[in-house]
Amino acid sequence: MTATTHDSLFPAVPDSPDAVLDGLDPEQRAVATALRGPVCVLAGAGTGKTRAITHRIAYGVRAGMLQPASVLAVTFTARAAGEMRGRLRQLGAGGVQARTFHSAALRQLQYFWPRAIGGEMPRLLERKIQLVAEAGARCRIRLDRNELRDVTGEIEWCKVTQTVPEDYPAVAAKNGRDVPRDPAEVARIYTTYEQLKRDRGVIDFEDVLLLTVGVLQDRPDVADTVRSQYQHFVVDEYQDVSPLQQRLLELWLGGRDDLCVVGDASQTIYSFTGATPDFLLGFRTRYPGATVVKLVRDYRSTPQVVGLANGLLGQARGQAAAHRLELISQREPGPEPSYAEYADEPAEAEGAARRIKELIGSGVRPSEIAVLYRINAQSEVYEQALADAGVPYQLRGAERFFERPEVREAGLLLRGAARASADPQDAADTVPQQVRAVLSSRGWASEPPTGSGAVRDRWESLAALVRLSEDFTAARPEATLGDFVAELDERANAQHAPTVEGVTLASLHAAKGLEWDAVFVVGLTEGTLPITFAKTDEQVEEERRLLYVGVTRARLHLGLSWALSRSPGGRGGRRPSRFLDGLRPGSAPRGARGTGGAGAGGVERGSGGRKRRGPVLCRVCGRTLSDPGEIKLMRCEDCPSDLDEALYDRLRVWRTTQAKALGQPAYCVFTDRTLLAIAEVRPEGAGELSSIPGVGARKLDKFGADVLALCSGQEPGGGPDSDPDGGLDGDPEGGLDGGSAQEPGEGPEDGPGKGRAEDLKSSQEEAEK
């Protein structure tokens, strides 16, 4: 199972409806033959859900029970939709519409706009982030890069959950949103963004769904036309639907129940976009007579990998966990998953690269190996390690294969070569030989170039076309170069890309729906997975499901690793992810944690003054702190930071003004570490501010109002009072027992130094939503 054969790439079309069912297991066959009424398929990872639903559609079409044009199959990514179209074509069911929600809605909106609304349809805004930045500027709200991205995400969430700007603060609080700015500010930016769109006559992708819903609700004639076109609906990844997408689906159905949904609540990892498993879990309540089929036979992974995946979910809590599926591996036993601990991140990357090179040496293709991480910023050290080891790699989420310049150019050249051949049957060369001859003029050679970078990427793209021509000819020996060009065109339309021969580097979110022979899940430390801003039980459980998705991508080899510090020579204070407790050798299971506090990798903060009871715990990993500098940060030096750099800069400027007015050194107001802790915690009230070491009762009374104003994005209101000693009482930190005014090597104007870590807010753009 290490390599994809030409038989699976180009299978023969089944010669009868019954032949479509060949090779399906009893549960998959039950799905394929349940052609009427509501059907709910609960499908675990690796259980062949795409196979089941495509064979269901194909069987219905081939048996004459479904008309191809009457079926609408909906999924969540263009890649998944293209794969579904490709499979249906191979099963003899061409003509079935397989699209994303947005693609299907956009086609309908474009078609009905002149009739339902009139005039020209507004231009589609492909990137909204620039307009959000302009909206923020018009509101006199300065957004840094991370805030801009996060506010844009909040606007998208509002629209898919159908939340209007004036309701956002209340709805965000109710849903426990990790709000990037004051909710009232986000609501103002949201309002201005919508006004800018109206002024410029543009709509965004969420508007496509909203407008289609509006047209179908307000125009019964349009709704009737759509419903007469589509009578049968299939929805893949149903655990990921948003309320807006569910509303659109209901309008398409129009009260009918010819619907088949497929999903797995244990793979719900996109709640930040508004996705919810509630519609999947409540399907039988809405349709009491529904046929429910559970797919639990795992054909992807070995019993060792499946056992780890089951154990991971066995410790889960919450509604999704209550509906988890216990997978049963159908494969022969394989190697045990490996666990590796390293001193630092470069050592972890070098260890993964070394193991990958060993696997390649044993015969595993680079394209069948993946390195998965929580956030994109983690990729750089693995890119360097693989390049140093001479291992080719590709970044998941980069430019689509058929949109790469070298692939477009190759297509044009191959098309010209096919036309130039007067009688292709007389061609002395085989199709692969002709392809190699054409592509050799554009940089392809039998041996890859040394090193990495753009030259290697270009060669990998062309080499993928050569390998595809070899597989194509093996499946169809009589085919011509023109036939191969036609195959390329069909694959481009379906976004069914050939395999690029390189190790895949991808975030865990971007890995959803993919699989490899060997998977290395890296960076498994507290504060990274679960990520530091997962504060509630629900958010922590979603992080657990994210690891479950990563684990279940592996067919045979699975490696899990973590590093005790970020950089060589750093403090080894990190802890392995709590999700590995009870699974990795020498660890015991951990019980369910409470909401927030320790369960979120944070610290429960009281509302008292300077008195602190018990040990001080790292608010990221939970380790007991003893170093004064770490106590002030309330986290280990090497644990990830969620620093608001703009706030930190504003606090430093304010501190300088206060110090000058007092005639004191700047650190006598607050040290850099205290300012850094404030900029990381971003306290919203006096109680939260007072819990930060270095903010005693006197300093809270003297400076608290100014600091809280800065934290909320406002200007401070007043200066220091006339107390001659500035409220210091001989203790520059105002009440941190045993602490010092200034850490070694930290001057009054020092920056945050190595305590500053990369922002861990994941962009999730590879989710392809």
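The preceding data block contains the structure.
To keep things clear, this report deals only with the structure shown in the data block. None of these values were measured; they are calculated from a predicted model. (Residues numbered from 1 in each chain as written. Predicted model: local features only at pLDDT ≥ 70, side-chain atom pairs only at ≥ 80, totals over all residues. Heavy atoms only, no water.)

**Details of the environment of Gly527**
Phase 1 of the analysis: Here Gly527 is to be found in the loop between strand 15 (516–521) and helix 24 (537–551).
Phase 2 of the analysis: Residue class for Gly527 comes out buried when judged on its relative accessible area of 1%.
Phase 3 of the analysis: Between the alpha carbons of Gly527 and Cys639 there is a distance of 6.7 Å; along the sequence they are 112 residues apart. (Helix = DSSP H or I, 4+ residues; strand = E, 2+ residues; numbered from the N terminus. Buried < 20%, exposed > 50% of the residue type's maximum accessible area, 1.4 Å probe, protein only.)

**Some details on helix 5 (residues 78–90)**
Given 3.6 residues per helical turn, the α-helix brings residues three or four places apart onto the same face.
Phase 1 of the analysis: For helix 5, with 13 residues, the first-to-last C-alpha span of 18 Å sits near the 18 Å given by 1.5 Å per residue.
Phase 2 of the analysis: Ala80, Ala81, Gly82, Met84, Gly86, Leu88 and Gln90 are the residues of helix 5 that are buried.
Phase 3 of the analysis: By the N-cap criterion, in which a side-chain oxygen at the helix start approaches the backbone nitrogen of a residue two or three places on, helix 5 is capped by Thr77, the distance to Ala80 being 3.0 Å.
Phase 4 of the analysis: Gly92 sits one or two residues past helix 5 and shows a positive phi near 80 degrees. (Expected span 1.5 Å × (residues − 1). Polar contact = N/O pair within 3.5 Å; in protein donor to acceptor, adjacent residues only side chain to side chain.)

**Looking at the sheet that holds strand 7 (residues 259–263)**
Phase 1 of the analysis: Sheet architecture is open: six strands sit in the order 3-2-6-7-1-8, paired in parallel fashion. Of all the strands in the sheet, just strand 3 (97–100) and strand 8 (291–295) have a single pairing partner and so form its edges. Looking at each pair of strands side by side, their axes are set apart by 15 degrees on average, direction ignored.
Phase 2 of the analysis: In this structure, strand 1 (residues 39–43) lies alongside strand 8, joined through five bridges in parallel fashion. Following the sheet pairing, Ala43 is matched in strand 8 by Leu295.
Phase 3 of the analysis: Strands strand 2 (71–75), strand 6 (232–235) and strand 7 of the sheet are contacted by helix 13 (residues 243–253), whose axis makes an angle of about 160 degrees with strand 6. (Pairing = 2+ DSSP bridges. Axes fitted to C-alpha atoms, helices over the stretch in contact; angles between N-to-C directions. Contact = heavy atoms within 4.5 Å.)

**Quick notes on the packing of helix 26 (residues 645–662) against helix 29 (residues 697–711)**
Phase 1 of the analysis: Two elements in contact, helix 26 and helix 29, have axes whose closest approach is 10 Å; the angle formed by their N-to-C orientations is 155 degrees. Considered as vectors, helix 26 and helix 29 are oriented roughly antiparallel to each other. For helix 26 against helix 29, the interelement crossing comes out right-handed. From helix 26, Leu647, Arg650, Leu651, Trp654, Gln658 and Leu662 reach across to helix 29, where they touch Phe703, Asp706, Val707, Leu710 and Cys711.
Phase 2 of the analysis: Within the contact of helix 26 with helix 29, the residues separate by chemical class into eight nonpolar, one polar and two charged. (Parallel < 35°, antiparallel > 145°, perpendicular 65-115°, else oblique. Left-handed = near helix turned anticlockwise from the far one by under 90°. Nonpolar A, V, L, I, M, F, W, Y, C, P; charged D, E, K, R; others polar.)

**Section: the side chain of Lys49**
Phase 1 of the analysis: Considering the arrangement of structural elements, one finds Lys49 in helix 4 (residues 49–62).
Phase 2 of the analysis: Of the residues examined, Lys49 reaches a relative accessible area of 17% and is grouped as buried.
Phase 3 of the analysis: Engagement of the side chain of Lys49 in a polar contact is seen with the side chain of Asp236, the distance being 2.9 Å.

**Concerning the packing of helix 11 (residues 205–218) against helix 13**
Phase 1 of the analysis: One way to put it is that helix 11 packs onto helix 13 with a least axis distance of 10 Å and a crossing angle of 35 degrees. Considering only the axes of helix 11 and helix 13, their crossing is left-handed. Of the residues in helix 13, those touching helix 11 at Glu206, Leu209, Leu210, Thr212, Val213, Leu216 and Gln217 are Leu244, Gln245, Arg247, Leu248, Leu251 and Trp252.
Phase 2 of the analysis: Across the contact of helix 11 with helix 13, the residue classes tally to eight nonpolar, three polar and two charged.

**Examining the sheet that holds strand 15**
Phase 1 of the analysis: If you walk across this open sheet you meet the six strands as 11-16-15-12-14-13, and the pairing is parallel. Of all strands in the sheet, those bounded by a partner on one side alone are strand 11 (338–342) and strand 13 (393–395). Each strand axis lies, on average, 20 degrees off the axis of its neighbour in the sheet, ignoring direction.
Phase 2 of the analysis: Set on the sheet, helix 18 (residues 345–361) makes contact with strand 11, strand 12 (369–373), strand 14 (503–507), strand 15 and strand 16 (554–563); between it and strand 16 the angle comes to about 160 degrees.
Phase 3 of the analysis: Here helix 24 sits on the sheet and contacts strand 12, strand 15 and strand 16; the angle it forms with strand 16, its principal contact strand, is near 135 degrees.

**What about the packing of aromatic side chains?**
Phase 1 of the analysis: Scanning all chains against the criterion turns up eleven aromatic pairs.
Phase 2 of the analysis: Centre to centre, the rings of Trp654 and Phe703 are 5.6 Å apart; their planes meet at 85 degrees, and the pair counts as edge-to-face. Highlighted residues: Trp654 in helix 26 and Phe703 in helix 29, separated in sequence by 49 residues.
Phase 3 of the analysis: Looking at Phe703, the relative accessible area reads 1%, which means it is buried.
Phase 4 of the analysis: Members of the aromatic cluster, connected to one another through ring pairs, are Phe76, Phe101, Tyr230, Phe233 and Trp252. (Phe/Tyr/Trp six-rings, centres within 6.5 Å; stacked < 30°, edge-to-face > 60°.)

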